[in-house]
Amino acid sequence: MFKTIKEDINTVFERDPAAKNIFEVLFCYPGLHAIWLHRFSHFLWVKGVPFFPRLISQISRALTGIEIHPGAVIGKRFFIDHGMGVVIGETTEIGDDVTMYQYVTLGGTGKEKGKRHPTIGNNVVIGAGAIVLGPITIGDNVRIGAGAVVIKAVPENSTVVGNPGRVVVRNGVKAKISQLDHNMLPDPLKDYLIKQDQKIMELENEILKLKKTLDLEVKS
């Protein structure tokens, strides 16, 4: 248990450059508090203790602004930065070394029983305001951009942006992006607009050439 606590604290220092000292981390990081309360509530949930796991999760929600159902399975070195508005559903499974930002939802899509929430792989980053819905699998080393809405499975070593989420696969190679470098996520819309600008410039050049040719023919 103490090893896990130490690991959680070290994770904060590794992923948040704003973390200055141990006291600040222990008392001023609601994401860390939410994870610790969840580990306790999940332990009770697995043991079949009635009522109390849900009560603890609701107390955690009131204190931190983060709602994690006690049934959710969360791996090692999980980090929630800022944390406000995060919702993690009952059948969610999260791997190791996952980073999540504020207002992220890992939710279900209906009232069906059984597995109805996402499975998140290892070394995944989920940007602020992203929504991942349904019993889909997000592969290892995936980056989900801020505000993305993901309702389909995402292969490993990919990046997802936009609403609806669009997958950019990097040739099966692990994306060389720091967990904090959200500015380096690809933007398909921007790329499309750049291509359209290039086509417009090419057409304008062709029109100028034709105009010059016609002028010469008229003069001759």
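Residues numbered from 1 in each chain as written. Predicted model: local features only at pLDDT ≥ 70, side-chain atom pairs only at ≥ 80, totals over all residues. Heavy atoms only, no water.

A few points about the overall build of the chain
Line of reasoning, step 1. Along the backbone of the chain there are five helices and 15 strands.
Line of reasoning, step 2. Out of the 220 residues in the chain, the part that is buried amounts to 38%.
Line of reasoning, step 3. Once local pairs closer than 6 in sequence are excluded, the contacts in the chain between residues at least 24 apart make up 33%.
Line of reasoning, step 4. Carbon and sulfur atoms make up 62% of the accessible area of the chain, which totals about 12,900 Å². (Helix = DSSP H or I, 4+ residues; strand = E, 2+ residues; numbered from the N terminus. Buried < 20%, exposed > 50% of the residue type's maximum accessible area, 1.4 Å probe, protein only. Contact = heavy atoms within 4.5 Å. Areas by Shrake-Rupley, 256 points an atom, 1.4 Å probe, with all protein chains shown as cover.)

Let's talk about the packing of helix α3 (residues 30-46) against helix α4 (residues 52-64)
Line of reasoning, step 1. Viewed as axis vectors pointing N to C, α3 and α4 meet at an angle of 175°, and their least axial separation amounts to 8 Å. Taken together, the axes of α3 and α4 lie roughly antiparallel to each other. Judged by residue contacts, Pro-30, His-33, Ala-34, Leu-37, Phe-40, Ser-41, Leu-44 and Trp-45 of α3 engage Phe-52, Pro-53, Arg-54, Ile-56, Ser-60 and Thr-64 from α4.
Line of reasoning, step 2. Residue composition of the contact of α3 with α4, by class: nine nonpolar, four polar and one charged. (Axes fitted to C-alpha atoms, helices over the stretch in contact; angles between N-to-C directions. Parallel < 35°, antiparallel > 145°, perpendicular 65-115°, else oblique. Nonpolar A, V, L, I, M, F, W, Y, C, P; charged D, E, K, R; others polar.)

Focus: a nonpolar patch on the surface
Line of reasoning, step 1. Taken together, the side chains of Phe-51, Phe-52, Leu-55, Ile-59 and Leu-63 make up a nonpolar region of the molecular surface, amounting to roughly 540 Å² of accessible area.
Line of reasoning, step 2. Assignment of secondary structure puts Leu-55 in helix α4.
Line of reasoning, step 3. You can call Leu-55 partly exposed: its relative accessible area is 34%. (Patch = residues over 30% accessible without salt bridge, like charges linked within 9 Å, V, L, I, M, F, W, Y side chains within 5 Å. Salt bridge = Lys/Arg side-chain N within 4 Å of Asp/Glu carboxyl O.)

Thoughts on the nonpolar core
Line of reasoning, step 1. If you look at the biggest cluster of nonpolar residues, it comprises 28 residues, and the most contacted ones within it are Ile-138 and Ile-144.
Line of reasoning, step 2. In this structure, Ile-144 is in contact with Val-125, Ile-126, Gly-127, Ala-130, Val-132, Ile-138, Val-150 and Val-160, ignoring residues within four places of it in sequence.
Line of reasoning, step 3. Among the nonpolar cores identified, the runner-up in size contains seven residues, and Ile-9, Ala-19, Val-25 and Leu-32 belong to it. (Core = buried A, V, L, I, M, F, W, Y, C linked by side-chain atoms within 4.5 Å.)

Section: the side chain of Thr-92
Line of reasoning, step 1. Within the secondary structure layout, Thr-92 lies in the loop between β4 (87-88) and β5 (93-94).
Line of reasoning, step 2. The class for Thr-92 is buried, based on a relative accessible area of 1%.
Line of reasoning, step 3. Among the polar contacts listed, one links the side chain of Thr-92 to the backbone oxygen of Gly-89, at a separation of 3.0 Å.
Line of reasoning, step 4. Dropping the residues within four chain positions of it, Thr-92 is found in contact with Ala-72, Val-73, Leu-106, Lys-115, His-117 and Pro-118. (Polar contact = N/O pair within 3.5 Å; in protein donor to acceptor, adjacent residues only side chain to side chain.)

Observations regarding unusual backbone geometry
Line of reasoning, step 1. Residue Pro-164 is reached from Asn-163 by a cis peptide bond, and omega for that bond is 0°.
Line of reasoning, step 2. Structurally, Pro-164 is set in the loop between β14 (158-161) and β15 (166-169).
Line of reasoning, step 3. With a phi angle near 55°, Asn-123 is a residue other than glycine that sits in the positive phi range.
Line of reasoning, step 4. As for its position among the elements, Asn-123 is in the loop between β8 (119-120) and β9 (125-126).
Line of reasoning, step 5. One non-glycine residue, Asn-157, adopts positive backbone phi at about 60°.
Line of reasoning, step 6. Position of Asn-157 among the secondary structure elements: in the loop between β13 (149-150) and β14.

Some points on the environment of Val-150
Line of reasoning, step 1. Residue position: Val-150 is located in strand β13.
Line of reasoning, step 2. Each C-alpha atom, one on Val-150 and one on Asn-163, is 7.6 Å from the other, the two residues being 13 residues apart in sequence.
Line of reasoning, step 3. Look past the residues within four positions of Val-150 in its chain and what remains in contact with it is Ile-131, Val-132, Leu-133, Ile-136, Ile-138, Ile-144 and Val-160.

Some remarks on α4
Line of reasoning, step 1. With 13 residues, α4 extends 18 Å from end C-alpha to end C-alpha; this agrees with the ideal 18 Å at 1.5 Å per step.
Line of reasoning, step 2. For α4, the complete set of buried residues consists of Pro-53, Ile-56, Ser-57, Ser-60 and Thr-64. Across the axial projection of α4, the buried residues extend over an arc of 100°, all falling on one side.
Line of reasoning, step 3. Along its buried surface, α4 packs onto α3 and β1 (67-68).
Line of reasoning, step 4. In the segment just after α4, Gly-65 is the residue with positive phi, at about 80°. (Expected span 1.5 Å × (residues − 1). Arc of directions from axis to C-beta.)

Keep in mind these numbers describe shape, not what the thing actually does.
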